[in-house]
Amino acid sequence: MPFRSGLLLAFLIAALGSTGASAGLVNVASYDMNNGNGTTQFTFGYDYFDFSYTKNGQATPDFYANKNGSNQTIPNNAAPKDAPLTGGTGKLTDGLIATQVYSLVSGANGAISSGAFAGQPTQYVGWKYQDPTIAFHLAGGQFVNSIALYVAAFNPAAPGETNGLVAAPNEVLLDVNGQPVSASLTVTSLNAFTQMLTLSGFGSLSSDSLFSLTLKRGPLQQDGIDYYNNHVKGFDPANPNDSSKCVGFCDPDTGPFASGFRVEAAGGQTGDLDPSLGLEPWIMVSEVQFTAAVPEPSTWIMMIAGFLGLGFLARRRRFALLSA
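First things first, this report covers the structure right here in the doc. (Residues numbered from 1 in each chain as written. Predicted model: local features only at pLDDT ≥ 70, side-chain atom pairs only at ≥ 80, totals over all residues. Heavy atoms only, no water.)

1. Focus on the pattern of salt bridges
- Under the defined criterion, the tally for this structure stands at six salt bridges.
- One salt bridge connects D272 with K233, and the closest N-O pair in it is separated by 2.6 Å. With a gap of 39 residues between them, D272 in the loop between α3 (261-264) and β15 (282-294) and K233 in the loop between α2 (222-232) and α3 connect regions that are remote in the sequence.
- On the basis of relative accessibility, which here comes to 36%, the residue K233 falls in the partly exposed class.
- Where R262 meets D253, a salt bridge forms, and the shortest distance between an N and an O atom there is 2.6 Å. (Salt bridge = Lys/Arg side-chain N within 4 Å of Asp/Glu carboxyl O. Helix = DSSP H or I, 4+ residues; strand = E, 2+ residues; numbered from the N terminus. Buried < 20%, exposed > 50% of the residue type's maximum accessible area, 1.4 Å probe, protein only.)

As structure tokens, this is what we get:
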């Protein structure tokens, strides 16, 4: 066997030994959204803002990075957006995927308040009573095949109300250049506190496009059901100071101490709760990643072999013509 042919054969055999598919992350040039919520919404000292959000070309965080996304006591989808973040990047694309319970990796001023991670940057951006939309501008010249969101998950092993009314989105809507795109959603639990939501099945979309993700809250989880039964169901508007029918305290429907749970989480229900008609209050996100698939080694080998075959046939044809 000629040396050149033997070398080519050895290359093909070695390459065929590697069959695992690989993938590369597409860089996010910037993303736009309304900032998260904080102490105005009864978070008791915790702010879930995108504190590190910085406009491209600037050295310090954006003016709105430490502002509440809604200055209303009870935020909602229809409320004005008070802290628009545009033209930069921050917590959602810093490469850090939160794997701890959200309360351990959050704080009031951009740093984790206490515990083993005290002083480190907070890891989550969160929205209460809202379905946030985040628009992503990606580095061009690539093709996106899947999108992953890393979110805080409801932990069913935690008893009572200790989950803090936080759960993963139930649905993620994908728009590309302003048009809805059908995609399948896969949920993977990384641990008791974190889930990865993967959007796929939409083929290959150019990274030159504008990608928008709308995160939709899911139905009330057990902590929300417990909260309603313990603090909302027994509230009597005729006797607002009577907490005898509540556990510890009553959450009023109106006034400065109203959290808005009955309307914004329980769907306005009174009496016995139908959980399917309610929505879990909080969505929290730590990272969003866009992936471009890279062809498997075997695919490249088949392409190379095809080109070599075409070259061989062309050479034989040329030889035959010269011999005729």
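Following the structure, the description resumes.
2. Observations concerning the environment of A153
- Tracing the backbone through its elements, the reader meets A153 in the loop between β8 (146-152) and β9 (171-176).
- A relative accessible area of 12% places A153 in the buried class.
- Residues contacting A153, with those up to four places away along its chain left out, are V166, A167, A168, A192, F193, T194 and Q195. (Contact = heavy atoms within 4.5 Å.)

3. A word on the pairing of β9
- Residues V172, L174 and V176 of β9 are buried on one face, while the alternating residues E171, L173 and D175, pointing to the opposite face, are not.
- In the sheet, β9 pairs with strand β14 (residues 210-216) via six bridges, with the strands oriented antiparallel. Counterpart to E171 in the pairing with β14 is K216.
- Where β9 and strand β10 (residues 179-181) come together, three bridges link them in antiparallel fashion. Across the sheet, V176 pairs through a bridge with Q179, a residue of β10. (Pairing = 2+ DSSP bridges.)

4. Focus: the state of the cysteines
- Per the counting criterion, the structure on display carries one disulfide.
- Each sulfur of the disulfide joining C246 and C250 lies 1.8 Å from the other. A torsion of 95° about the S-S bond marks the disulfide between C246 and C250 as right-handed. The same class applies to C246 as to C250, namely buried. (Disulfide = S-S within 2.5 Å.)

5. Some words on the sheet that holds strand β3 (residues 54-55)
- Strand order in the open sheet made by the seven strands is β3-β4-β2-β6-β14-β9-β10, with antiparallel pairing throughout. The open sheet has two edge strands with one neighbour each: β3 and β10.
- Where strand β2 (residues 28-34) meets strand β4 (residues 84-89), three bridges bridge the pair, whose relative direction is antiparallel. Its bridge partner being in β4, Y31 is matched across the sheet by G88.

6. A word on the nonpolar core
- Counting 33 residues, the largest nonpolar core has F136, I147, L149, L174, F211, L213 and F290 as its most contacted members.
- Sorting the residues of this core by element identifies β2, β5 (125-128), β6 (133-138), β8, β9, β12 (194-200), β14 and β15 as the ones contributing at least two each.
- It is β15 that contributes the most residues to this core, five residues altogether.
- If near-sequence neighbours (up to four positions away) are discounted, L149 is found in contact with V172, Q195, M196, L197, L213, L215, E287 and V288.
- Counting 21 residues, the second largest nonpolar core, distinct from the first, contains V105, Y129, Y227 and M284. (Core = buried A, V, L, I, M, F, W, Y, C linked by side-chain atoms within 4.5 Å.)

7. Details of unusual backbone geometry
- One non-glycine residue, F44, adopts positive backbone phi at about 55°.
- Among the secondary structure elements, F44 is positioned in the loop between β2 and β3.

8. Topic: the environment of F257
- Looking at the element boundaries, F257 is found in the loop between α2 and α3.
- Along the backbone, F257 and T73 are 184 residues apart, and their C-alpha atoms lie at a distance of 9.1 Å.

9. What to know about the pairing of β4
- In this structure, β3 lies alongside β4, joined through two bridges in antiparallel fashion. Within β4, the residue paired with T54 across the bridge is T89.

10. Side note on the packing of aromatic side chains
- Per the stated rule, a full pass over the model turns up eleven aromatic pairs.
- When the centroid spacing of 5.1 Å and the interplanar angle of 75° are considered together, the rings of F63 and Y64 count as edge-to-face.
- Relative accessible area serves as the criterion here: at 58%, F63 is assigned to the exposed category.
- By relative accessible area, Y64 is classed as partly exposed at 29%.
- For the pair F211 and F290, a centre-to-centre distance of 5.6 Å together with 65° between the ring planes defines the contact as edge-to-face. (Phe/Tyr/Trp six-rings, centres within 6.5 Å; stacked < 30°, edge-to-face > 60°.)

Purely geometric numbers; function is a separate question.
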